[in-house]
Amino acid sequence: MIKVYICEDDAKQLQNLEQLVSKVIIDQQLDMSFGLTSPDPHAILTQVESEQPEKAIFLLDIALNSDINGIQLASQIRDLGGRSKIVFITTHTELSLTVFQYQVEALDFILKDFPDRLYKRLNEVLKVAQDRFKAEENDQNSYIQIKIGETIRSLDVQHILFFESSMSPHKIVIHLDDGELEYYGLLKDVPDLNRNFYRCHKSYVVNLTRIRSLDKHYHQLTMADGESVLCSAQASRHLTRQVSN
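Residues numbered from 1 in each chain as written. Predicted model: local features only at pLDDT ≥ 70, side-chain atom pairs only at ≥ 80, totals over all residues. Heavy atoms only, no water.

Caption draft 1: Geometry of the pattern of salt bridges. If you walk through the whole model with that rule in mind, you get 10 salt bridges. For Glu8, the salt bridge goes to Lys112, with nearest N and O atoms at 2.6 Å. One end of the pair, Glu8, is in the loop between strand S1 (2-7) and helix H1 (11-28); the other, Lys112, is in the loop between strand S5 (106-111) and helix H5 (118-140), and 104 residues separate them in sequence. Taking the relative accessible area as the measure of exposure, Lys112 reaches 18% and is therefore buried. For Lys120, the salt bridge is made with Glu124, and the minimal N-O distance between the two is 2.6 Å. (Salt bridge = Lys/Arg side-chain N within 4 Å of Asp/Glu carboxyl O. Helix = DSSP H or I, 4+ residues; strand = E, 2+ residues; numbered from the N terminus. Buried < 20%, exposed > 50% of the residue type's maximum accessible area, 1.4 Å probe, protein only.)

Structural data, given as structure tokens:
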């Protein structure tokens, strides 16, 4: 679910935004709920650090009655990491260029000068935010992340052939089109990384999209690069319906 955070230092406008956002969520049946609405940017930061939402959208006023403004708040939100969309709602059009200077990648810039249009604009931007998150999820499904030492590596699933138990305890070897990588992990957890990963043997997890052929007699798979992988009898029966020789 997408968390919605609002930072607006005018109590009346904050209440109005809460009501409008609630109405949009209900009217459009969006997969969203409030994280926190507050006039205090530091309260927003504290909440985000505590919750670490996977997906969030921030509706921020720029001129805040605080030691930091909305643009600086957005910059600190970006520094916390995570996937977030930022929308500025303000009367200060002259500060729009500052948004770009801080490189906070704002999704939209809505002016308070037209309160009668605010529902329509919020309706549009919240729908766009949800659609963007869905599109990003689809893109991310083609990548997995693994930790090698102190480095996080993103690997394109279409370049992964199979995973193999390493000779080193608690390690896994990933066979790629252009080489191999070894990392700490459990083979039983690998199929959870992507729907195309299938455990065909106690020592192997294969990428179903990279299987070239199946030898049902010898219970053996041939991968796209010609390498052979052992396959259990049970997995062989399962894969017969999916692999054409």
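The structure having been displayed, the exposition proceeds.
Caption draft 2: Representation of the packing of aromatic side chains within the structure. The final tally for this structure, using the stated rule, is four aromatic pairs. Seen from their ring centres, Phe163 and Phe197 are 5.0 Å apart, and the 70° between their planes marks the pair as edge-to-face. Placement of the pair is Phe163 in strand S8 (residues 160-165) and Phe197 in strand S11 (residues 197-201), with a sequence separation of 34 residues. Taken as a pair, Phe163 and Phe197 share a single burial class, namely buried. (Phe/Tyr/Trp six-rings, centres within 6.5 Å; stacked < 30°, edge-to-face > 60°.)

Caption draft 3: Region of interest: the environment of Ser142. With respect to the secondary-structure elements, Ser142 resides in the loop between H5 and strand S6 (143-148). The spatial distance from the C-alpha of Ser142 to the C-alpha of Leu17 is 37 Å, given a sequence separation of 125 residues. Not counting residues up to four positions away in its chain, the partners in contact with Ser142 are Leu155, Asp156 and Val157. (Contact = heavy atoms within 4.5 Å.)

Caption draft 4: How the structure looks around the nonpolar core. With 23 residues, the main nonpolar core has Val21, Ile57, Leu59, Val87, Ile89, Leu122 and Leu126 as its most contacted residues. With residues up to four places along the chain from it excluded, the contact list for Ile89 reads Leu17, Leu59, Leu60, Asp61, Ile62, Ile110, Lys112, Leu118 and Leu122. Within the second largest apolar cluster, 18 residues are counted, among which are Leu45, Leu60, Ile68 and Ala74. (Core = buried A, V, L, I, M, F, W, Y, C linked by side-chain atoms within 4.5 Å.)

Caption draft 5: Molecular detail of the sheet that holds S1. Read across the open sheet, the five strands follow the order S2-S1-S3-S4-S5; overall the sheet is parallel. The outermost strands of the open sheet, each flanked by one partner alone, are strand S2 (32-38) and S5. On average, adjacent strands in this sheet sit at an angle of 20° to one another, irrespective of strand direction. By the bridge criterion, six bridges tie S1 to S2 in an arrangement that is parallel. Counterpart to Cys7 in the pairing with S2 is Ser38. Sitting on the sheet, helix H3 (residues 70-79) is in contact with S1, strand S3 (55-60) and strand S4 (83-90), with an inclination near 180° to S4. (Pairing = 2+ DSSP bridges. Axes fitted to C-alpha atoms, helices over the stretch in contact; angles between N-to-C directions.)

Caption draft 6: Expanded view of the state of the cysteines. As enumerated under the stated definition, the model contains zero disulfides in all. As a non-bridged cysteine, Cys231 has Cys200 as the owner of its nearest cysteine sulfur, 5.0 Å distant. (Disulfide = S-S within 2.5 Å.)

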